[in-house]
Amino acid sequence: MADDVGLDARLKRLEEIVAALDSDALNLDEALALFEEGVSHLGHAREMLARIELRVEELIGPEGGAVREMSVQDGGDDGGTDGG
Amino acid sequence: MNDRTLDLFTERAPPDSGVDGPPETREPPPPRVWTVRQVNRASRLLLEEGLPRLWVGGEVTNFRRQRSGHCYFTLKDEVAQLRCVMFRRDAARLPADPDEGMTLRVLGGLTLYEARGVFQLVVSRLETGSEGGMWKLAFDRLRARLDAEGLTDPGRKRALPDFPRTVGVVTSPTGAALRDIVAVIARRAPWLRVLVRGTRVQGVGSGDEIADAVSTLAAVAGMDVIIVARGGGSIEDLWGFNEDAVARAVAMSPVPVVSGVGHETDVTICDLVADLRAATPSAAAEAVAPDRQWVAKRLETMGRRLGRGLTGQVRSRRWWLNQLRDTLFRRGRRGVEGSCDRLEAARQRMADSVRVRIRREAGRLSETAAALDALSPLSTLARGYAVPLGLDGRLLRGTGDLPRGRNFRLRVVDGYVPCAATGRPLEAATAANLTGGDRGR
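Quick caveat, the model's predicted, so the values are computed rather than measured.

Novice: An account of the layout of surface pockets is needed here, citing residue identities and associated values.
Specialist: Residue and element names in this part refer to chain B. Put simply, the largest pocket is a space of about 450 Å³. Lining the largest pocket are 24 residues; nearest its centre among them are A92, L94, P95, W239 and E243. Among the elements that take part in the lining of the largest pocket, helix α4 (residues 133–149) stands out by supplying 5 residues, more than any other. Looking at the lining of the largest pocket residue by residue, the class counts come to 10 nonpolar, 5 polar and 9 charged. Both domains that meet at the lining of the largest pocket, namely domain 1 (3–129) and domain 2 (154–290), each give it at least three residues.

Novice: Break down the interface of chain B and chain A for me, citing the residues and quoting the values.
Specialist: Taken together, the contact pairs 50 residues of chain B with 55 residues of chain A. Together, the buried faces of chain B and chain A total about 4300 Å²; carbon and sulfur atoms form 63% of this surface. It is R179, L299 and L306 of chain B that lose the most area in chain B upon contact with chain A, and together they represent 17% of the buried surface on that side. Taken together, the links from chain B to chain A amount to 3 salt bridges. One salt bridge connects R193 of chain B with E57 of chain A, and the closest N-O pair in it is separated by 2.7 Å. On inspection of chain B and its partner chain A, the count reaches 10 residue pairs in polar contact (both at pLDDT 80 or more). Looking at the side of chain B that touches chain A, the elements with two or more residues in it are α5 (176–188), β7 (193–198), α6 (206–218) and α10 (292–375) of chain B. Take the side of chain B that touches chain A: its biggest share by element is 15 residues, from α10 of chain B.

Procedures and definitions
Residues numbered from 1 in each chain as written. Chains lettered and ligands numbered in written order. Predicted model: local features only at pLDDT ≥ 70, side-chain atom pairs only at ≥ 80, totals over all residues. Heavy atoms only, no water. 1 Å grid on protein atoms, 1.4 Å probe; cavity = no way out; pocket = protein on both sides within 12 Å on 5 of 7 lines; lining within 4 Å. Points joined across faces, edges and corners; volume = space filled by probe spheres on them. Helix = DSSP H or I, 4+ residues; strand = E, 2+ residues; numbered from the N terminus. Nonpolar A, V, L, I, M, F, W, Y, C, P; charged D, E, K, R; others polar. Domains from an automatic or database assignment. Contact = heavy atoms within 4.5 Å. Buried area = accessible area lost by both parts, 1.4 Å probe. Salt bridge = Lys/Arg side-chain N within 4 Å of Asp/Glu carboxyl O. Polar contact = N/O pair within 3.5 Å; in protein donor to acceptor, adjacent residues only side chain to side chain.

Read these as layout, nothing more, since geometry by itself doesn't imply function.
Right under this line is the structure:
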């Protein structure tokens, strides 16, 4: 699977692979191939987990409109969630 | 009173205008005739400036909301009526129209509508006596309608995705709610993409903006879940989230919506229609963002299971191989055992046949031995014959073999006698004569 595969898809595929490996319906080559695929998913998923910079963007304009990076500061204009 | 008001009143004819001359000789001055407009204006100013803004309590009747947005109604008690108007600007903030006969208290200023000469109270705030007031009334009404339509049905609520990739957020772009949400997601699941659609979150028209933002975000490709959020506030502040448009946008959203509006105690229509109600914006973010630790743990488990799975595959094959080997071995041994039996039988047969053969051969041997015995010179020797043999063991047959002086051996029946030829050999006839002659001497 490509790099843009979501965590969801990877975990689902991993579940499938693990289930397949637990069954007897594989030949050894298939089992090895599945194992390798599983290891690759694990690697990508761990990489994803290791990311630390959250991407926040603002959708401006009409539907399908432009998106721009947004920085959300810690200091606010209304102090606490009591504000807007 | 302002200057204009003073002007109006000073235009009035002085009551003592006849002092300057005898009344009978003077034409009475024509009475000052007011225009209607002047009267109404004077009355209006008297009313507006003579009385402060008042809270007035009464029972509402004939409440009408015009297309223009202005609302007209009458307040009454047992004996009197008061016409009231609430202009669009204030009426727009009114969450609902009051029911006929409802007891209200309104804040307003008295005035006179000059064009019609109608005395009325211009209402800026309208409240019911009960707690929550008009807001609660409107809330209950909308809720009843949404309940009837099934939009608040728990069965409609969709599960949130376990692992979203894109999270939409509808809130004020500058508010604390957004900061709280971003902080939570950054801590728990920083690999997510957060797409914010900024809106106003209070004031007239905020409901439409919120509804629009929900629909817009829901239409973004790849959107997994939407958070609608706002920090706490009064019911009036939160009103945008209690509007019909918001309820419908949330209900229509093709992706699940989490509502995190206000504090724990604030329940909005948006909360009721959303797929999940979170007590606060932070709680909404927590509900949406999978926890990094949890995911890591799950991956770890998965890795272990993967390893175990492959080991299991290998182990099952090894087991299988062992089984196979054992089976083969057993079968092989059975084969060998069979062969051994056959071999043993063959050996037995062979041994038997050899024995028979040996016995037969032995028989033949003894027959031969007997025959040989018959041919043996031993019996002849026993009869008194002797056989001369050379020292080399060769049979000495005639006189030619026994020249004078030759040593030889005589084989007699029980042994060998060393001998020597002492004379010249004689012919057989000569020897016989000699023997006779000797005997004759």
